[in-house]
Amino acid sequence: METVSCNNLTGIKNTSPSLVSLRENQKTTIVSVNGVEIGSSKVVIIAGPCAVESMEQLFETGRSVNTGGAKILRGGAFKPRSSPYSFQGLGEEGLKLLSQIRKETGLPIVTEVMDTRQVELVAQYADMIQLGSRNMQNFPLLKEIGKSGMPVLLKRGMMATIEEFLLAAEYVLNEGNDQVVLCERGIRTFETSTRNTLDLSAVPMLKHLSHLPVIVDPSHGTGVSWMIPAMAKAAVAAGADGLIMEVHFKPEEALCDGAQSLNPDEFTMLMTELRKVAGAVGREIL
Ligand code: PEP
Ligand code: MN
């Protein structure tokens, strides 16, 4: 098996990613999410609530991000919460609401799976499967979503190195599924003023090492809604193929991650600024 140049960084040889590696003269991969292409010259904006909470919340928020220019709608039906007493998501009811709003807006849906037993169910409703940070090294789950053939949004583990991240993606590709988008969402450091430390250096590094598209999540990356515009613009300038951002029609009432959610007006304003930044670096917002 061929190896990848991040060997030179880590010194690890036997486990080096291969299918995910970018080889000379190789074309980069475009991931198609129900017709929305991630990995082209156009930057794709994914937005929506952290969790699907109710019909009103999802529909109000979904309509506003659609009007604002998002091309894919996010929303968790199965939520990985630190506390078992926190809102855990609506489960299949949430998936049904997501498919209803897709029907109205035409926006493809990305939603998380946490368990191999949920993959079949989620695949019936979603256009793209999200594999969250906490499960980045859940190897049976990586294999299962690989087998599903669905487009995958793979989030970097909060303690994962770039090499571990690429090896997680390798599990999916190894099942014959190359429709994987890598997502930098912040890592744990000694810093406590933000929820995570958004590692924007991961963007050029991942794009240097791999042919897979790379997007950035400035919501989980910072945990603070007012920082999202600055980091979103920086991510586009750094070469990200897209952004995933949390938007809630009433962030102060959110059951999950309200502090890092933009309201619809803030989202729309940010989209205007992002178009300018994208233009400045030779890209375009899809
Ligand atoms: C999310 O996208 O809502 C989420 C739980 O993200 P992460 O897995 O990056 O924490
Ligand atoms: Mn969230």
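What you see is a predicted model; the values in this text were computed from it and never measured. Per chain, the residues get numbers from 1 upward, laid out in the order the sequence is written. Working convention: letters from A go to chains and numbers from 1 go to ligands, in the order in which they are written. Confidence filtering applies because this is a predicted model: local features only for residues at pLDDT of at least 70, side-chain atom pairs given and counted only at 80 or more, and all residues used for totals across whole chains, interfaces and linings. Only hydrogens and water are set aside when side-chain values are computed; all heavy atoms of the structure are taken into account.

1. Things to note about the site of ligand 1
A molecule or strand has a residue near it when one of that residue's heavy atoms lies within 4 Å. Every one of the 13 residues lining ligand 1 counts as a neighbour, but Arg 74, Lys 79, Ser 133, Arg 134 and Arg 185 are closest to it. Polar contacts here mean pairs of N or O atoms no more than 3.5 Å apart (in protein, one a potential hydrogen donor and the other a potential acceptor; neighbouring residues in sequence count only if both atoms are side-chain atoms). The contact in question runs from an oxygen atom of ligand 1 to an N or O atom on the side chain of Glu 246, over 3.4 Å. Notes on ligand 1: free accessible area 300 Å², of which the protein chains cover 97%. Throughout, the protein atoms alone are placed on a 1 Å grid, and a set of points is a cavity if a 1.4 Å probe fits but cannot get out or a pocket if it is open with protein on both sides within 12 Å along at least five of seven lines; lining residues have an atom within 4 Å of a point. To qualify as sitting in a cavity or pocket, a molecule needs more than half of its atoms within 2 Å of the grid points. A majority-of-atoms criterion places ligand 1 in the largest pocket. Broken down by class, the residue content of the shell around ligand 1 amounts to two nonpolar, four polar and seven charged. With residues, only the protein chains shown are counted as cover, and all accessible areas are computed by Shrake-Rupley using a 1.4 Å probe. Basically, the charged four are Asp, Glu, Lys and Arg, the nonpolar ten are Ala, Val, Leu, Ile, Met, Phe, Trp, Tyr, Cys and Pro, and anything else, Gly included, counts as polar.

2. With respect to a negative patch on the surface
A grouping of Glu 56, Glu 60, Glu 252 and Glu 253 is seen on the molecular surface, where their side chains present a negatively charged patch. In this text, helices come from DSSP runs of H or I with a minimum length of four residues, and strands from runs of E with a minimum of two, each type numbered from the N-terminal end. In this fold, Glu 252 is placed in the loop between β10 (242-246) and α10 (264-280). Exposed residues in this analysis have more than 50% of their type's maximum accessible area, buried residues have under 20%, and partly exposed residues fall in between, with area computed by a 1.4 Å probe over protein chains only. Relative accessible area serves as the criterion here: at 66%, Glu 252 is assigned to the exposed category. To count toward a patch, a residue needs a relative accessible area above 30% and no salt bridge. Like charges then connect within 9 Å, nonpolar side chains (Val, Leu, Ile, Met, Phe, Trp, Tyr) within 5 Å. What counts as a salt bridge is simple: a side-chain nitrogen of Lys or Arg found within 4 Å of a carboxyl oxygen of Asp or Glu. Positive charge is attributed to Lys and Arg, negative charge to Asp and Glu, and no charge count is given to His or to the chain ends. For the purpose of locating charges, the reference atoms are NZ of Lys, CZ of Arg, CG of Asp and CD of Glu.

3. Structural notes on empty space enclosed by the protein
The gaps left among the atoms become clear once a water-sized probe is rolled over them. Grid points are joined across faces, edges and corners, and a volume is the space filled by probe spheres set on the points. Taken as a whole, this structure holds one cavity of 30 Å³ or more when the rule is applied. In this model, the largest cavity occupies a volume close to 30 Å³. Lining the largest cavity we find Cys 50, Arg 74, Gly 75, Gly 76, Lys 79, Val 110, Thr 111, Glu 112 and Gln 130. The element that contributes the greatest number of residues to the lining of the largest cavity is strand β5 (residues 109-113), accounting for three residues. Looking at the lining of the largest cavity residue by residue, the classes come out as two nonpolar, four polar and three charged.

4. Some remarks on helix α9 (residues 228-237)
Considered for burial, the residues of α9 that qualify are Ile 228, Met 231, Ala 232, Ala 235 and Val 236. What you see down the axis of α9 is that its buried residues fit within an arc of 140°, all on one side. The contact criterion used throughout is that any non-hydrogen atoms of two residues lie within 4.5 Å. Here the buried face of α9 lies against β3 (42-48), β9 (214-216), α8 (218-222), β10 and α10. Of the residues flanking the end of α9, it is Gly 239, one or two places downstream, whose phi is positive at about 105°. Here, the arc refers to the directions that run from the helix axis to the C-beta atoms.

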